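Chain residues, written in single-letter form:
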Number of protein chains: 2
Amino acid sequence: MKKLINAADTVVADALLGIDAAHPALRVDHEHRIIYRADTARPNKVGLVSGGGSGHEPLHGGFVGFGMLDAACAGEMFTSPTPDQMFEATTTVDRGAGVLHIIKNYTGDVMNFEMAAEMAEADTGILVESVVTHDDVAVQDSLYTAGRRGVGVTVFVEKIAGAAAEQGRDLRSVAALARRVSDSGRSMGVALTSGTVPAVGKPTFDLPDDQMELGVGIHGEPGRERVPLAGAAQIADRLLEPILADLDFTRSGTIVMLNGLGGSPLIELYVMYAEVKKILDRAGVDVARSLVGNYITSLDMAGCSVTLLAADDELITLWDAPVETPGLRWGR
Amino acid sequence: MKKLINAADTVVADALLGIDAAHPALRVDHEHRIIYRADTARPNKVGLVSGGGSGHEPLHGGFVGFGMLDAACAGEMFTSPTPDQMFEATTTVDRGAGVLHIIKNYTGDVMNFEMAAEMAEADTGILVESVVTHDDVAVQDSLYTAGRRGVGVTVFVEKIAGAAAEQGRDLRSVAALARRVSDSGRSMGVALTSGTVPAVGKPTFDLPDDQMELGVGIHGEPGRERVPLAGAAQIADRLLEPILADLDFTRSGTIVMLNGLGGSPLIELYVMYAEVKKILDRAGVDVARSLVGNYITSLDMAGCSVTLLAADDELITLWDAPVETPGLRWGR
């Protein structure tokens, strides 16, 4: 294992020190491992809290800031944060209008966020709503998940719900919008190599030099099938076929994310995006907006994922609204 | 070799298709392999042209846009663009105020940009100035370079000279500023693994599992020494010691870039940044601004580099000026 770390058991704490030092617009509670906006959101803005296992950076801490999340809880590597972390984040960001929990569909995350919501409502009377993302079309159930896994659409939910919250919409409205975004997205990924969890010290799974894992999960969960390594055009086709079969993306604009899993360089992501765009053009999908880069990673896994979001004018307007986070930023 | 590509000999052309498709604010001349701003800079703005071998993305194409470059020439993988490409870019972006060439110090790049400048001046009368970056303190001469190699400070030169050009400064002033930035920056990198050039099909160099290459070049050129793999704190120390010994960074603010080389995930870059920041604090270096992420990469090489820029108030003000590129973006 070759990694830029001090020790396997300090990676998350050390990375939080780095995030804290690098981003004056963020504030890190190192005791609770929560990343907050350094500024205070205005009264009556709905609070947005997300979180999950570490190892997927910039998700979620890199999406804290104006126009997106108010707080992100960092779990241990590939491990759900605790209900206590989520409770602390929820009570801290509440500005009187309630808090939305944005949760990727993994059993531990869902259970712990539910407990945190119950604690917050019982102890403090804060209203909490939640949205559980479940956009990965690869498999129905998975290693850590009942139902589909939540992956790339989470970035879209955080951005679009964040914009709605900045507009001053109420909790019910922001939550309904977040669920609509979640239900309008589909994703699938492919691994060329496994990532390595520092505390384990060896790759999560073995993948022969001539094979790739189609539909891999962001923790290295098994995908749909192992197939011979193929070219970018064929990979794009294998990722998009099940996505396009699952939802009609020709009836609105579409926001596309071509996401790197951590170990693949940007030049390869652009090669992949070119192939994705060709297929979408042929399929009559109108690409309204696009993102190419590392947004939801799996440590040093080589590979990528594609997420499509069927986005009507309202969603595109909210997508275009200003955002200022380390991971996504455009002008206000 | 496991890569998201179609074929080794189409990677650059395919990636340019992806860049073109992903970024409506850019325009790609596929024949000449030049990335331009899609909008036209206003008359009498000094034009900024850079370029170099591909494989270092987002450098340089990802830094084209308002407040930074007007055009970037993409060479073949790790290979200088041709004088013809540079000539084409230079004549296209000239708005009557002349053009600045921003060149990393590699023999082929320097020679070809010189030829392009001579062609432009002789054939069209366009005034051309140039700046050659040479910030890598690792080695004096290298595989493709006489003198020090140009690396991370190039990002700072492109940003700061770009801001000055948007302000309407003249060519001589922008060029002098660019040279001042170039002279005020120092860098050093470390590789944990070699990258793999697609057309070669195997890693550029062999590096045992328990060793790292200190002072590696962005094309895999040999560095200072091979040493046993160490923790992030020791790596940060080994990178900063020669940088801090080479230039006094305690007499002004400092802009710091912790740059990933392509195959290292963001969580590791934050771990490294935390260690860099601790050392700079102890050394009395005032970190005025910081960047953590992949800005000048070496295909899928695992590792990182650190660049420090001694930045007075003028440079920091220009650093903070609005920029809108795929690789760097903050508000206007």
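Student: When you look at the overall build of chain A in this model, what are you seeing that I'm missing?
Tutor: Of regular secondary structure, chain A possesses eight helices and 14 strands. Taking 2.2 N^0.38 as the reference for a compact globule, 332 residues should give roughly 20 Å; the C-alpha atoms of chain A span a radius of gyration of 19 Å, in line with that estimate. In chain A, which comprises 332 residues, the proportion classed as buried is 64%. The contacts of chain A with a sequence gap of at least 6 include a subset with a gap of at least 24, amounting to 73%. Counting every atom, chain A has about 11,200 Å² of accessible surface; 49% of that belongs to carbon and sulfur. Averaging the positions of the 28 positive and the 45 negative side-chain charges in chain A gives two centres separated by 5 Å.

Student: Can you help me understand the sheet that holds strand 8 (residues 211-214) of chain A in this one?
Tutor: What holds strands together in a sheet is hydrogen bonding between their backbones, with the strands either parallel or antiparallel. Residue and element names in this part refer to chain A. Strand order in the open sheet formed by six strands is 9-8-7-12-10-11, with mixed pairing between adjacent strands. Among the strands making up the open sheet, the edge pair consists of strand 9 (225-228) and strand 11 (286-293). Across the sheet, the mean angle from the axis of one strand to that of its neighbour is 20 degrees, orientation sign disregarded. Sheet topology places strand 10 (residues 253-260) next to strand 11; seven bridges connect them, and they run parallel. Following the sheet pairing, Met 257 is matched in strand 11 by Leu 291. Contacts from helix 4 (residues 153-166) reach strand 7 (185-191), strand 10 and strand 12 (303-311) within the one sheet, and its direction differs from that of strand 12 by about 45 degrees.

Student: When you look at empty space enclosed by the protein in this model, what are you seeing that I'm missing?
Tutor: One pass over the full model with this rule turns up five cavities of 30 Å³ or more. Lining of the largest cavity is provided by 20 residues; of these, A:Ile35, A:Ser54, A:Glu57, A:Gly61 and A:Ala74 occupy positions nearest its centre. Looking at the lining of the largest cavity, the elements with two or more residues in it are helix 1 (11-22), strand 3 (47-54) and strand 4 (71-77) of chain A together with helix 7 (266-282) of chain B. When its residues are assigned to classes, the lining of the largest cavity shows 12 nonpolar, seven polar and one charged. Looking at the second largest cavity, its volume works out to about 140 Å³. Surrounding the second largest cavity, 17 residues form its lining, B:Ile35, B:Ser54, B:Glu57, B:Gly61 and B:Ala74 being those nearest its centre. Of all the secondary structure elements, the ones that give two or more residues to the lining of the second largest cavity are helix 1 (11-22), strand 3 (47-54) and strand 4 (71-77) of chain B. Considering every element that reaches the lining of the second largest cavity, the biggest residue donor is helix 1 of chain B, with four residues. Split into classes, the residues belonging to the lining of the second largest cavity amount to 11 nonpolar, five polar and one charged.

Student: Could you clarify how one ought to interpret the relation of the copies chain A and chain B in this entry?
Tutor: Each of the two chain copies goes to the other by way of a rotation about an axis and a shift along it. Mapping chain A onto chain B leaves a residual RMSD of 0.0 Å; the transformation is a rotation of 180 degrees accompanied by 0.0 Å of translation along its axis. Each copy turns onto its partner about a two-fold axis. When the interface residues of chain A are mapped onto chain B, 100% of them again fall at the interface, so both copies present the same face.

Student: What should I look at first to understand the pattern of salt bridges in this one?
Tutor: One side chain can pair with another of opposite charge once the charged atoms of both are near each other. Tallying each qualifying case throughout the model produces 42 salt bridges over all chains. With its nearest N and O atoms 2.9 Å apart, the salt bridge here joins B:Glu314 to B:Arg169. Separated by 145 residues along the polypeptide, B:Glu314 in helix 8 (residues 313-320) and B:Arg169 in the loop between helix 4 (153-166) and helix 5 (171-183) bring together distant segments of the chain. Residue B:Glu314 is classed as partly exposed on the basis of its relative accessible area, which comes to 32%. Salt bridges here are not isolated pairs; linked through shared partners, they connect A:Arg37, A:Asp39, A:Arg42, A:Lys45, A:Asp70 and A:Glu166.

Student: Please explain the interface of chain A and chain B as it appears in this structure.
Tutor: Accessible area lost upon the coming together of the parts is a frequently used measure of interface size. Each partner contributes to the interface: chain A provides 61 residues, whereas chain B provides 61 residues. Overall, the association of chain A and chain B removes approximately 4,400 Å² of surface from exposure, summing both partners, and the carbon and sulfur fraction of that is 67%. If you sort the residues of chain A by the area they bury against chain B, A:Lys2, A:Leu4 and A:Ile267 come out on top, with a joint share of 21%. Of the charged contacts, one joins B:Glu268 and A:Lys3 as a salt bridge, the two residues approaching to 3.6 Å between their closest N and O atoms. Our enumeration of links across chain A and chain B arrives at 20 residue pairs in polar contact (both at pLDDT 80 or more). With 12 residues, the single largest contributor to the side of chain A that touches chain B is helix 7 (residues 266-282) of chain A. Taken together, the residues of the side of chain A that touches chain B break down into 33 nonpolar, 16 polar and 12 charged.

Student: It is not clear to me how the side chain of A:Gln85 should be interpreted in this structure. Could you clarify?
Tutor: Inspection of the secondary structure puts A:Gln85 in helix 2 (residues 83-93). There is a polar contact of 3.0 Å between the side chain of A:Gln85 and the backbone oxygen of A:Ala74.

Student: What's the story with helix 8 (residues 313-320) of chain A in this structure? I'm lost.
Tutor: Given 3.6 residues to a turn, an α-helix orients residues that are three or four positions apart in the same direction. All names here are of chain A. The complete set of buried residues in helix 8 reads Leu 315, Ile 316, Leu 318 and Trp 319. Buried positions in helix 8, seen along its axis, are confined to an arc of 160 degrees and lie on one side of it. When the buried face of helix 8 is taken as reference, the exposed residues oriented beyond 90 degrees from it are Asp 313 and Thr 317. Close packing links the buried residues of helix 8 with helix 4, helix 5 (171-183), strand 10, strand 11, strand 12 and strand 14 (329-330).

Student: I'm lost on the layout of surface pockets in this one. Help?
Tutor: To find leftover empty space, one rolls a probe the size of a water molecule over the atoms. One number sums up the size of the second largest pocket: a volume of about 1,100 Å³. A:Thr193, A:Asp300, B:Thr193, B:Ser194 and B:Asp300 are, among the 37 residues lining the second largest pocket, the residues nearest its centre. Residues that form the lining of the second largest pocket fall into these classes: 14 nonpolar, 11 polar and 12 charged.

Student: I tried to follow the packing of aromatic side chains on my own but got confused; where do I start?
Tutor: Geometrically, a pair of aromatic rings is defined through the distance of the ring centres and the angle of the planes. One pass over the full model with this rule turns up four aromatic pairs over all chains. Of the aromatic side chains, those joined through ring pairs into one cluster are A:Phe156, A:Trp319 and A:Trp330.

Student: When you look at the pairing of strand 7 of chain A in this model, what are you seeing that I'm missing?
Tutor: Two faces make up the sheet, and in a regular strand the side chains alternate between them. All names here are of chain A. With seven of seven residues buried, strand 7 lies mostly within the body of the structure. Pairing geometry for strand 7 and strand 12, over seven bridges, is antiparallel. Directly across from Met 188, in strand 12, lies its bridge partner Val 306.

Student: How should unusual backbone geometry be read in this particular structure?
Tutor: Omega for the bond connecting B:Glu57 with B:Pro58 falls within 30 degrees of zero, at 10 degrees, which places this linkage in the cis form. Looking at the element boundaries, B:Pro58 is found in the loop between strand 3 and strand 4. A cis geometry characterises the amide bond from B:Leu59 onward to B:His60, with omega recorded as -10 degrees. Here B:His60 is to be found in the loop between strand 3 and strand 4. Positive phi is not limited to glycine here, since A:Asn44 has a value of about 70 degrees. Take A:Asn44: it is sitting in the loop between strand 2 (34-37) and strand 3. We classify A:Asn44 as exposed; its relative accessible area is 51%.

Conventions adopted
- Residues numbered from 1 in each chain as written.
- Chains lettered and ligands numbered in written order.
- Predicted model: local features only at pLDDT ≥ 70, side-chain atom pairs only at ≥ 80, totals over all residues.
- Heavy atoms only, no water.
- Helix = DSSP H or I, 4+ residues; strand = E, 2+ residues; numbered from the N terminus.
- Rg over C-alpha atoms; globule rule 2.2 N^0.38 Å.
- Buried < 20%, exposed > 50% of the residue type's maximum accessible area, 1.4 Å probe, protein only.
- Contact = heavy atoms within 4.5 Å.
- Areas by Shrake-Rupley, 256 points an atom, 1.4 Å probe, with all protein chains shown as cover.
- Lys, Arg positive; Asp, Glu negative; His and termini not counted.
- Charge placed at Lys NZ, Arg CZ, Asp CG, Glu CD.
- Pairing = 2+ DSSP bridges.
- Axes fitted to C-alpha atoms, helices over the stretch in contact; angles between N-to-C directions.
- 1 Å grid on protein atoms, 1.4 Å probe; cavity = no way out; pocket = protein on both sides within 12 Å on 5 of 7 lines; lining within 4 Å.
- Points joined across faces, edges and corners; volume = space filled by probe spheres on them.
- Nonpolar A, V, L, I, M, F, W, Y, C, P; charged D, E, K, R; others polar.
- Least-squares fit on C-alpha atoms with pLDDT ≥ 70 in both.
- Salt bridge = Lys/Arg side-chain N within 4 Å of Asp/Glu carboxyl O.
- Buried area = accessible area lost by both parts, 1.4 Å probe.
- Polar contact = N/O pair within 3.5 Å; in protein donor to acceptor, adjacent residues only side chain to side chain.
- Arc of directions from axis to C-beta.
- Phe/Tyr/Trp six-rings, centres within 6.5 Å; stacked < 30°, edge-to-face > 60°.

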